[in-house]
Amino acid sequence: LLLRLAELVGVAAFAASGALVGVSKRLDLFGVCVVGFVTALGGGVMRDLLLGIHPPAAFTNPAAAATSAGVSLLIFWFHPIVRRRRREILILDAVGMGLFASSGAAIALDREAGAAATVVIGMLTAAGGAVLRDMLVNEVPLLFRRDLYAIPALVGSLLVVVLVKMRGDVDSAVVVGTVVATSTRLTAMWRGWSLPRPRNYERH
Amino acid sequence: LLLRLAELVGVAAFAASGALVGVSKRLDLFGVCVVGFVTALGGGVMRDLLLGIHPPAAFTNPAAAATSAGVSLLIFWFHPIVRRRRREILILDAVGMGLFASSGAAIALDREAGAAATVVIGMLTAAGGAVLRDMLVNEVPLLFRRDLYAIPALVGSLLVVVLVKMRGDVDSAVVVGTVVATSTRLTAMWRGWSLPRPRNYERH
Amino acid sequence: LLLRLAELVGVAAFAASGALVGVSKRLDLFGVCVVGFVTALGGGVMRDLLLGIHPPAAFTNPAAAATSAGVSLLIFWFHPIVRRRRREILILDAVGMGLFASSGAAIALDREAGAAATVVIGMLTAAGGAVLRDMLVNEVPLLFRRDLYAIPALVGSLLVVVLVKMRGDVDSAVVVGTVVATSTRLTAMWRGWSLPRPRNYERH
């Protein structure tokens, strides 16, 4: 299935982003692999914990776990080469984000979560791994400070809910959600869109 | 119901405390809202994950989520005004803490958790959000270092367990637990009570 | 049962390690106890959340919780004495690590988790508490940077899966897993083994 392949591309891009952060923090081989794994699959684990899916799909999906581990190892040894391909990774990461938000929403709907819960869980599936990654390496999460990352995920997740409620076909809703979320993200990167930050702040 | 209203007051006060921390960390609009949400509802999410309530009540409670989002947005734009009302927020926060500890304990009892588990889960419902907040913005949790915050929550939670075991009426137990926990917290603030810290420490 | 006693020894060693970190971070009495509790029992809580065991065993096991609290209090008051016994604590900690990895794997198998999921969950049971501890006190997790800690846990956990699949007797598998994981860890400490770290890194 094409969605299945896209999922592995997303896992690989997320794992690469996590492993690169691990390398830049000078973690050892184990630490780099864990941060890669958590970035790639942490959002899905959160989704499954919230929905009561035990054990989480990430733990029963050997292809995803192997992809995450393989990519982390590659990054560990070849990070200088990969670093030059940063733009390509960001594009694949946007695809993964769109897909995870949309498929996360579809899974939440399937477990009969309400509409609002579904939208939040879809966004969390896509963005939760990056937040966990930054918590593990002791940084304030990047996507709380810069970039438009979670909002495109929210858009994709919302779109899936609307389309499924309106027309009922889950697969096409996931495809549309993925395409819209990914292109929103890429446009935001292209144009340098970002959210406002608080003004007039004086240290108390 | 009065408890329902008190819950929203508590959510609002917790969200305000979280959003103010987000603003002081210079997060963007999304980050401020997430930290507000996590502070307000993170303790309840932990409670529900531990008790196996899927999805957590926070995800199926539009009033609480909307209150949290609305307060976070207000703080984002009007934080200089709110900051001058810090004392009022702390008082409302104490009410929320007392209520969350007591209602968390009542929910745990309802799920047939044991007495010790119930006391801990009640405390976690009240204090977990503040710990998550500080982890998200990369600080050592404030309530591990200063203030008497978790102990009043523990007192309220314990009181609910004792009263329900003795007399069986949950609603009145929650009211008593809330009042006692809140007044313990306010007295501790008033008198500047705090827990001891380790002595004679020399860096190794 | 001997395993039961070994479990309490492990809880005590883990709680001591957590409480010592809390003391060195100058947390107050409550903070030291929480970090002790999370270090000792956080890995088991993660295991139970992933497997859908509600509430987690740590919350229904008064002996473990009391051991964790008692050890944390002792550390709070007598940390200068304990600090001189650091080597003994590390040895007991290695016993706890081996046992938690092996018993965690046995519990996961009992809940019919797959082989790969079981190995990861066993490792997480042993190492998750230490990662949570470092996240709580705002450090990059030690075992992502130095030491061979999670790998011996992985070995023990894997061994339990293999032995149970081959011969079916869970108790002896746990004993063998514990002994092998513990001695791998002690040998690694003795010899100063560690994993490679990334090379040629230049700040971008």
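Residues numbered from 1 in each chain as written. Chains lettered and ligands numbered in written order. Predicted model: local features only at pLDDT ≥ 70, side-chain atom pairs only at ≥ 80, totals over all residues. Heavy atoms only, no water.

### Comments concerning the environment of G22 of chain C
Residues and elements named next belong to chain C. Inclusion rule: Helical segments are the DSSP runs of H or I of at least four residues, strand segments are the runs of E of at least two, and each set is numbered from the N terminus. Any two residues having at least one pair of non-hydrogen atoms within 4.5 Å are treated as being in contact.
With respect to the helices, strands and loops of the structure, G22 is situated in helix α1 (residues 2–24). When the C-alpha positions of G22 and G129 are compared, they lie 14 Å apart, and in sequence the two are 107 residues distant. Setting aside anything within four residues of it in sequence, one finds G22 in contact with L27 and V32.

### Some words on the relation of the copies chain C and chain A
Just so we agree on the cut-off: Superposition of the copies used a least-squares fit over C-alpha atoms from residues whose pLDDT is at least 70 in both.
Of the transformation superimposing chain C on chain A, the axial component is 0.0 Å and the angular component is 120°, with the fit at an RMSD of 0.0 Å. Here the symmetry operator amounts to a three-fold rotation axis. Across chain C, the rotation axis passes nearest the C-alpha of N138 of chain C, at a separation of 3.7 Å. With a heterologous cut-off of 20% or less, the 13% of interface residues of chain C that recur at the interface of chain A puts this contact in the heterologous class.

### Considering the interface of chain C and chain A
What counts, and what does not: Salt bridge, as used here, is a side-chain nitrogen of Lys or Arg placed within 4 Å of a carboxyl oxygen of Asp or Glu. Polar contacts here mean pairs of N or O atoms no more than 3.5 Å apart (in protein, one a potential hydrogen donor and the other a potential acceptor; neighbouring residues in sequence count only if both atoms are side-chain atoms). Side-chain classes follow a simple rule in which Ala, Val, Leu, Ile, Met, Phe, Trp, Tyr, Cys and Pro form the nonpolar group, Asp, Glu, Lys and Arg form the charged group, and the remainder, Gly included, forms the polar group.
Counting residues at the interface gives 31 residues for chain C and 23 residues for chain A. The tally of links from chain C across to chain A stands at zero salt bridges. The tally of links from chain C across to chain A stands at eight residue pairs in polar contact (both at pLDDT 80 or more). Contributions of two or more residues to the side of chain C that touches chain A are made by α2 (29–51), α5 (115–136) and α6 (150–167) of chain C. When residues of the side of chain C that touches chain A are assigned to their parent elements, the largest contribution, six residues, is made by α5 of chain C. For the side of chain C that touches chain A, the per-class residue count stands at 19 nonpolar, five polar and seven charged.

### A closer look at the side chain of S157 of chain A
With respect to the element layout, S157 of chain A can be found in helix α6 (residues 150–167). Once residues lying within four places of it in the same chain are set aside, the contact partners of S157 of chain A are A101, A105, T118, V119, G122 and M123 of chain A.

### With respect to the packing of aromatic side chains
Residue and element names in this part refer to chain A. Using the following cut-off: Two rings from Phe, Tyr or Trp (for Trp, the six-membered ring) form a pair when their centres are within 6.5 Å of each other. A pair whose planes differ by under 30 degrees is stacked, one over 60 is edge-to-face, and the rest are tilted. For each residue, the accessible area found with a 1.4 Å probe, counting protein chains only, is set against the maximum for its type, and the residue is called buried under 20%, exposed over 50%, and partly exposed in between.
Applying the stated rule across the entire model yields twelve aromatic pairs over all chains. Seen from their ring centres, F76 and W77 are 5.5 Å apart, and the 90° between their planes marks the pair as edge-to-face. The class of F76 is buried, set by a relative accessible area of 3%. Taking relative accessible area as the criterion, W77 reaches 51% and is therefore assigned exposed.

### Concerning the interface of chain B and chain A
The condition that has to hold: Here the quantity called buried area is the total loss of accessible area, with a 1.4 Å probe, experienced by two parts when brought into contact, counted for both.
The interface is formed by 23 residues belonging to chain B together with 31 residues belonging to chain A. When the two sides are added together, the surface that chain B and chain A hide from each other amounts to roughly 2500 Å², 69% of it contributed by carbon and sulfur. By the criterion of area lost to chain A, the three top residues of chain B are R26, F30 and F59 of chain B, representing 27% of everything that side buries. At the boundary of chain B and chain A, one finds zero salt bridges.

### Description of the packing of helix α2 (residues 29–51) of chain A against helix α3 (residues 62–84) of chain A
Residue and element names in this part refer to chain A. Put simply, the rule is: A fitted line through C-alpha atoms represents every axis, and for helices the fit uses only the stretch in contact; the resulting angles, taken between N-to-C directions, go from 0 to 180 degrees. Should an angle fall under 35 degrees it is called roughly parallel, over 145 degrees roughly antiparallel, and 65 to 115 degrees roughly perpendicular, with every other angle called oblique. Crossing handedness is read from the near helix: turned anticlockwise from the far helix by less than a right angle, it gives a left-handed crossing, and turned clockwise, a right-handed one.
Between α2 and α3, the least distance of the axes is 9 Å, while the angle of their chain directions is 135°. The orientation of α2 with respect to α3, classified from their angle, is oblique. As for the relative orientation of α2 and α3, their crossing is right-handed in sense. Between α2 and α3, the contacting residues are L29, V32, C33, G36, F37, A40 and L41 on the first element and A64, A65, S68, S72, L73 and F76 on the second. When the residues that make up the contact of α2 with α3 are grouped by side-chain class, the tally is ten nonpolar, three polar and no charged.

### Observations concerning a nonpolar patch on the surface
Convention followed: Without a salt bridge and with relative accessible area above 30%, a residue can belong to a patch; like charges are then joined within 9 Å and nonpolar side chains (Val, Leu, Ile, Met, Phe, Trp, Tyr) within 5 Å. All accessible areas in this document rest on Shrake-Rupley with a 1.4 Å probe, and a residue is counted as covered only by the protein chains that are shown.
Judged by side-chain polarity, L73, L74, W77, F78 and I81 of chain A come together as a nonpolar surface patch covering roughly 510 Å² of accessible area. By the element assignment, W77 of chain A lies in helix α3.

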